[in-house]
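# Residue-level structural notes
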Amino acid sequence: MGRYVIRRLLQAIPVLLGSTFLIFCTVYALPGDPVMILGGERRIDPVLAAQLREQYGLNDPLIVQYWNYISGVFVGDFGETFQGVQVADLFAGKFQVTIQLAVTALIIEALVGLGLGLYAALRRGRWQDHAVLALTLLLVSVPTLVSGFVLQLVLGVKLKTELGIDFFPISGTEAGWRSFLVPGFVLAGTSIAYLVRLTRTSLMETLRADYIRTAVAKGMPRSRVLGRHALRNSLIPLVTYLGADLGTLMGGAVITEAIFNLNGIGQQLFQSVARRENAVVVGVVTVLVLVYLLANLIVDLLYAVLDPRIRYE
Amino acid sequence: MSELNTAVQEPKAHPRRKQKEKKPNSLWSDAWYDLRRNKVFLVGTAIAILLILMAIMPGVFAPQNPLACNLVDARQGISSEHWFGIDNQGCDTFSRVIHGARISILVGLLTSVVTGLVGGVLGLIAGFYGRWVDVILSRLAEIFFAIPSILGALLLLSAVGRDAAGVWTVVLALAILAWPMVLRIMRAAVITAKSQDYVTAARALGASPFRISVRHILPNAVAPVIVVCTMNLGVFIAGEAALSFLGVGIQSPNISWGLMIADARNRFLMAPEPLIFPAIFLSITVLSFVMIGDAVRDALDPKLR
């Protein structure tokens, strides 16, 4: 087990290096001179500009700049912006917002997805099953961009003005966890649909197995057959999907954040690209790649918990 | 739809019953047989054909010039003359929505084709040659796969700059981060096909590696790739809208639904029409391609048979 984890972590290193290098090259190619953008409308004194370039290592070759950056990241130093703010400090608040959003989305996704999938599988072939499938088709087809604005209008404005219900804040994060309900659902939308389908197929396959028939035949209560035998054995693909989705949700949050005015990493990245704050841009993507790789590793390790037949050497 | 299909139905009716007929690809004729009878596929295709017609000749559907705008008329509601109202810039929303179909569908189709070709060819090479070729290509794919797609595309397009942004830059930005998915699927299918008897037989007969991979392995491994490419169409269309919404994709005066949504968002709560109608069309377009993708998967995935 320990050796497996170490091997997986070592395998993740080239992927992390490759991804961050790609992003670094892209950021390097962004148009505009970061030092000149720092001055805004005013022109920066050439002597000062040269000094700043030297200070931030902008005169070094690309590969040297990359090495200086990435060797810092491995000891937790994400560098500083041109305004002298530590990138790590800047991240703290922003990542908190995005993580809250992504986790809310993941919880909604798991509850709705597993619930509806289970329901459809148990009502296989009946009209309820078809209704759930039609619903997933609808969920997949409505992009975040559309569902976000529509729910903002319906839940945030119409519900308030027509019915007087003011439960769903639709902008900012002042209302605590409630602020994340609607954005979380919007962000989870497409994923919910895939999870419903996956749960349904996976469970239907398990329900056909011989041991389920045996369990039913020996008079085991229905709930126990489902929980103990069927669900646990259909869980592996679902856990894989949910785990991999955490990274996707965090990376895909930029649109949701823009619609609901949430000040998370997506918004930060967007602003930093315009301001040429290279350290921030590369940092955001580096952390997201790390989240993706770690989530996948944890999912793989969970397999052994769910299915004792799986052993890691 | 029925008019379209009758021509094809006659010569190959009930392909499943005609077992004697020497069809090398029974998977394809079976799939086509299934598709023609699948209501989801027929409805999806009907909507898609309508949208494609709109994309090819928007002038037939939209009576007014989408670029002829009069600021005096800005933000009018729905009327008999302006079916979807008038947007913030005084342009007719209906005409703009119709003209917006072209870029959405073009980006979706091109990105699907590019990812299919790049991922497919590299996946074939990785699966067929195995060993270090496979290791290098698979690792490379992992590197691209680990980058979040919308954020990565946002960065790439920012690096290209707004002046150069257009259909092809959006297609490439989306494709660069999406091809690894196709590679994985193609590689897995090729590895399965490679160990089949007919490949061993072809090799024993002295067929060249190129001939084996193209004539024997490819036709038997391409089905899952077609499935994933069809299913991705909707994802790419939504991706284009998202990037244009963020201001790095298609640029004005070109018309894109994502751009229209971005333009209308500030006054959205007072004047929802200019945002709602492109949003509805975007959803319908994605829906039609998702329906086609679902049906193609059901028809081509042998596991579900």
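Residues numbered from 1 in each chain as written. Chains lettered and ligands numbered in written order. Predicted model: local features only at pLDDT ≥ 70, side-chain atom pairs only at ≥ 80, totals over all residues. Heavy atoms only, no water.

### Description of the packing of aromatic side chains
Which entries qualify depends on this criterion: Stacked, tilted and edge-to-face are the three classes applied to pairs of Phe, Tyr and Trp rings, where Trp contributes its six-membered ring and a pair requires centres within 6.5 Å; stacked means planes under 30 degrees apart, edge-to-face means over 60, and tilted covers the rest. Numbering of helices and strands runs from the N terminus; a helix is a DSSP stretch of H or I covering at least four residues, while a strand is a stretch of E covering at least two. Buried means the residue's accessible area, taken with a 1.4 Å probe over protein chains only, is under 20% of the maximum for its type, while exposed means over 50%, and partly exposed covers the values in between. Placement of a charge over a ring requires the Lys NZ or Arg CZ to be within 6 Å of the ring centre, with the centre-to-atom vector within 35 degrees of the ring normal.
Under the criterion given, the structure shown has 5 aromatic pairs over all chains. With a centroid separation of 5.9 Å and an interplanar angle of 75°, the aromatic rings of F149 of chain A and F245 of chain B are classed as edge-to-face. Pair noted here: F149 of chain A is in helix α7 (residues 144-163) and F245 of chain B is in helix α11 (residues 223-245), and the two residues belong to different chains. In this structure, F149 of chain A and F245 of chain B share a single accessibility class: buried. For the ring pair F128 of chain B and Y129 of chain B, a centre distance of 5.2 Å and an interplane angle of 90° mean the geometry is edge-to-face. One residue, R184 of chain B, lies across the ring of F145 of chain B, its end atom 4.2 Å from the ring centre.

### Concerning the packing of helix α6 (residues 131-145) of chain B against helix α8 (residues 167-194) of chain B
Residues and elements named next belong to chain B. The condition that has to hold: Axis definition: a line fitted to C-alpha atoms, limited for helices to the stretch in contact. Angles are taken between N-to-C directions and run from 0 to 180 degrees. An angle below 35 degrees is read as roughly parallel, one above 145 as roughly antiparallel, one from 65 to 115 as roughly perpendicular, and any other as oblique. In a left-handed crossing the near helix is turned counterclockwise from the far helix by less than a right angle, and in a right-handed crossing that turn is clockwise. Any two residues whose heavy atoms approach within 4.5 Å are treated as being in contact. For this classification, the nonpolar set comprises Ala, Val, Leu, Ile, Met, Phe, Trp, Tyr, Cys and Pro, the charged set comprises Asp, Glu, Lys and Arg, and every other residue, Gly included, is treated as polar.
Running from N to C, α6 and α8 cross one another at 140°; their axes reach a closest spacing of 8 Å. On the basis of the axis angle, α6 is oblique to α8. The two elements α6 and α8 meet at a crossing, and its hand is left-handed. In contact with D134, L137, S138, L140, A141, E142, F144 and F145 of α6, α8 contributes I176, L177, W179, P180, M181, L183, R184 and R187. Here the residues of the contact of α6 with α8 are counted per class, giving 11 nonpolar, 1 polar and 4 charged.

### Quick look at the pattern of salt bridges
Pairing of side chains with opposite charge becomes possible as their charged atoms draw close. Counted only if it meets this: Salt bridge, as used here, is a side-chain nitrogen of Lys or Arg placed within 4 Å of a carboxyl oxygen of Asp or Glu.
The tally for this structure, following the rule as stated, stands at 5 salt bridges over all chains. Taking the shortest distance from any N to any O, the salt bridge between R213 of chain A and D210 of chain A comes out at 3.7 Å. Here R213 of chain A and its partner D210 of chain A are both found in helix α9 (residues 210-217), 3 residues apart, which amounts to about one turn of the helix. No difference in accessibility class separates R213 of chain A from D210 of chain A, as the two residues are exposed. A salt bridge links E142 of chain B to R139 of chain B; the nearest nitrogen and oxygen atoms lie 2.7 Å apart. You can see E142 of chain B and its partner R139 of chain B sitting in helix α6, 3 residues apart, about one turn around the helix. The class of E142 of chain B is partly exposed, set by a relative accessible area of 27%. Since its relative accessible area comes to 30%, R139 of chain B is described here as partly exposed.

### Brief notes about the UniProt feature "transmembrane region" (unreviewed entry) in chain B
All names here are of chain B. To keep things clear, this is the line we draw: UniProt positions are given in the numbering used here, feature names are shortened, and annotations may be inferred rather than shown by experiment.
Here, the residues flagged by UniProt with the feature "transmembrane region" (unreviewed entry) are residues 40-61, 103-128, 140-160, 166-186, 221-250 and 275-296. Annotation note: span residues 140-160, helix share 86%, strand share 0%, distance between end C-alpha atoms 23 Å. Helix makes up 100% of residues 275-296 and strand makes up 0%, while its end C-alpha atoms are separated by 32 Å.

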